[in-house]
Amino acid sequence: MIEREVNPRTAWALEEAGVAPLLARLLAARGVREATELDENLAQLLPPAGLKGLNEAATLLADAIQNGERLVIVADYDCDGATACAVMLRGLRQLGARPDQLGYVVPDRAVHGYGLTPTIVDLALEQRPALLVTVDNGIASLAGVAHARERGLKVLVTDHHLPAVVDGATVVPEADAIVNPNQPGCTFASKSLAGVGVAFYVLLGLRAELRSRNALPSPEPRLDGLLDLVALGTVADVVKLDANNRRLVAQGLRRMRAGRAQPGVMALFSAAKRDASKAQGFDLGFALGPRINAAGRLADMTLGIETLTTDDAERALDLATQLDTINRERREIESGMREMAEARLDALVEALEGALPPAVALFDADFHEGVVGIVASRIKDRVHRPTFVFARGTDGHLKGSGRSIPGFHLRDALDLVAKREPDLLAKFGGHAMAAGATLAVDDIDRFALAFARVAEEWLNEQDLTRTLRHDGALPADAATPETARLLDTQVWGQGFEPPVFCDRFELISQRLVGEKHLKLRLRQGGRLIDAIWFNHIDMLPERVTLAYRLSLDEWQGQQRVQYLIEAAQT
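Below is a short write-up of the structure. Quick caveat, the model's predicted, so the values are computed rather than measured.

## A short note on the nonpolar core
For step 1, the next point in the chain: One finds Leu92 and Tyr563 to be the most contacted residues of the largest nonpolar core, which totals 123 residues.
For step 2, the next point in the chain: With ten residues, helix H7 (residues 195–212) is the single largest residue contributor to this core.
For step 3, the next point in the chain: What leucine 92 contacts, discounting residues up to four positions off in sequence, is Leu61, Ile65, Leu71, Ile73, Ala97, Leu102, Leu203 and Leu206.
For step 4, the next point in the chain: Judged by nonpolar contacts, the second largest core, of 25 residues, contains Ala359, Leu424, Leu425 and Ala455.

Below, the structure written as structure tokens:
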């Protein structure tokens, strides 16, 4: 457990600007330097003009709308891709595209794989498009873009992933336009936009282009009505919540709390039994996002996209209920896979006489391709090692998803594996913390060795030690519902972690609830405190140091503070 460092001058400056003292300390510890960074006004968003390729993209889209050409959106099968597709479809309609001009395709994870592949281009051709627009994919689709251009199509790539690397050089596809903050030469200040954030910015650029042509519908369309979708995709994709992303998410949450979100978003809150009027980032990441993602993992992401694009509240609720059912199935499959993966991990540790390898790669013939990423994340969290989990795809190859730890760039590691073992990886891609790879069934052991070798070279003992960064002790007078509500006013998430406090406690009582959660009664300085440790069953000693988050627990209309335990040191 490591306490975050706080610059006292910065914290003081934030207090002087009117930020509450505790919140000022927490924000300063997360790199906030000025109160202007906390301004959630849309006028504070980074200007679209900073995105390389935006003018060309806006021209392509404006020409297509005005010429009556058909546009087909090429989506992705995760929540970011689904929300980006919905944003693009809704936004293009607002900006003058006729409904019969618009269509979309979304890959089947098991059949087509990821991105703008030649087979997806052929599927899109059935809709007779003039222009393909990728969302949340395409920057590494060299063959797919080339195939589309050969078939006479124009291609606009909107993406946020890293470009492909060929023979050590960064290569981008030969599209008509590319908008991606992570493409070479782009000076946009935020490299952390999600795919849905890029799609939103492209629409801002298109609106400006149509305005310059005096071709905007009247009254001029407002695009802020799409920000609930932008918020959902941004949080669900676990991108870094820099100041720009926090503004996008904050604006989207405001719309949800006010009941002004899309019918599908409101329906997802209902299906998840969450209160939209109290929407938080946690709801998006752990309730709504997984239900959208479940469609792409086990069924067809068309279901998720239709949920987000329908204006019929009754149909939206029916679709959201279907997504909820699929998500329950996903959880059951994940649970079984996780048990199998942990059994294989235990066997691996036993074979190594108790020593964990610096990186883990697991495969079982019964693993389901749709949930390998989730299981990789769970195993990574358990052992604090870069982890890949593979399943057999419909084409007979192994399809793997990886998750990493700080200090280990997963996509770069795969690139090095590919250089050392040129015939090992059929394909790979991703970014620092998450990546995918495809290989032959017989090559899993070879991959595990090569992957572990890179980790052994790049990671030291400190990197492989699980750490928890906390915010020190919570002042005794701050353990109140008012403090919890104050903290809830901020947007917390990836790269801007929610506050975790750390204190020494005396344990008064402890018991299991729901067979897998530890319910605690704590004492500190004469105060009695209720706490719960979810998914933890091991009993604690009488005196213990606990890291915890502050939460509001509602019971019979009364609000009280409850501590959510994150970790313990005896």
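Back to the text.
## With respect to empty space enclosed by the protein
For step 1, the next point in the chain: The final tally for this structure, using the stated rule, is one cavity of 30 Å³ or more.
For step 2, the next point in the chain: The calculated volume of the largest cavity comes to roughly 90 Å³.
For step 3, the next point in the chain: What lines the largest cavity is Leu27, Glu37, Leu38, Asp39, Glu40, Arg246, Arg247, Gln490, Val491 and Phe496.
For step 4, the next point in the chain: Split by residue class, the lining of the largest cavity holds four nonpolar, one polar and five charged.

## What about the pattern of salt bridges?
For step 1, the next point in the chain: As enumerated under the stated definition, the model contains 36 salt bridges in all.
For step 2, the next point in the chain: For arginine 485, the salt bridge identified is with glutamate 482, shortest N-O distance 3.4 Å. Of the two residues, arginine 485 and glutamate 482 both sit in helix H17 (residues 481–488), three residues apart, roughly one turn of that helix.
For step 3, the next point in the chain: Between aspartate 530 and arginine 560 there is a salt bridge, with the nearest N and O atoms lying 3.3 Å from each other. Of this pair, aspartate 530 sits in strand S17 (residues 527–533) while arginine 560 sits in strand S19 (residues 558–569), placing them 30 residues apart in sequence.
For step 4, the next point in the chain: Aspartate 530 gets classed as buried once you look at its relative accessible area, which sits at 17%.

## Thoughts on the sheet that holds S17
For step 1, the next point in the chain: Strand order around the closed barrel formed by five strands is S15-S16-S17-S19-S18, with mixed pairing between neighbours. Taken pair by pair, the neighbouring strands of this sheet meet at an average axis angle of 45 degrees, ignoring direction.
For step 2, the next point in the chain: Examined bridge by bridge, strand S16 (residues 517–524) and S17 share seven bridges and lie antiparallel to one another. The residue bridging lysine 519 from the neighbouring strand is isoleucine 532, located in S17.
For step 3, the next point in the chain: The strands touched by H17 within the sheet are strand S15 (501–513), strand S18 (543–555) and S19, with S18 carrying the most contacts at an inclination of about 85 degrees.

## Topic: the packing of aromatic side chains
For step 1, the next point in the chain: Tallying each qualifying case throughout the model produces 14 aromatic pairs.
For step 2, the next point in the chain: A centroid spacing of 5.4 Å and a plane angle of 80 degrees characterise the contact between phenylalanine 388 and phenylalanine 447, whose relative ring orientation is edge-to-face. Here phenylalanine 388 is found in strand S10 (residues 387–392), whereas its partner phenylalanine 447 is found in helix H16 (residues 444–458), with 59 residues between them in sequence. Accessibility classification places phenylalanine 388 together with phenylalanine 447 in one group, the buried group.

Calculation notes
- Residues numbered from 1 in each chain as written.
- Predicted model: local features only at pLDDT ≥ 70, side-chain atom pairs only at ≥ 80, totals over all residues.
- Heavy atoms only, no water.
- Core = buried A, V, L, I, M, F, W, Y, C linked by side-chain atoms within 4.5 Å.
- Buried < 20%, exposed > 50% of the residue type's maximum accessible area, 1.4 Å probe, protein only.
- Helix = DSSP H or I, 4+ residues; strand = E, 2+ residues; numbered from the N terminus.
- Contact = heavy atoms within 4.5 Å.
- 1 Å grid on protein atoms, 1.4 Å probe; cavity = no way out; pocket = protein on both sides within 12 Å on 5 of 7 lines; lining within 4 Å.
- Points joined across faces, edges and corners; volume = space filled by probe spheres on them.
- Nonpolar A, V, L, I, M, F, W, Y, C, P; charged D, E, K, R; others polar.
- Salt bridge = Lys/Arg side-chain N within 4 Å of Asp/Glu carboxyl O.
- Pairing = 2+ DSSP bridges.
- Axes fitted to C-alpha atoms, helices over the stretch in contact; angles between N-to-C directions.
- Phe/Tyr/Trp six-rings, centres within 6.5 Å; stacked < 30°, edge-to-face > 60°.

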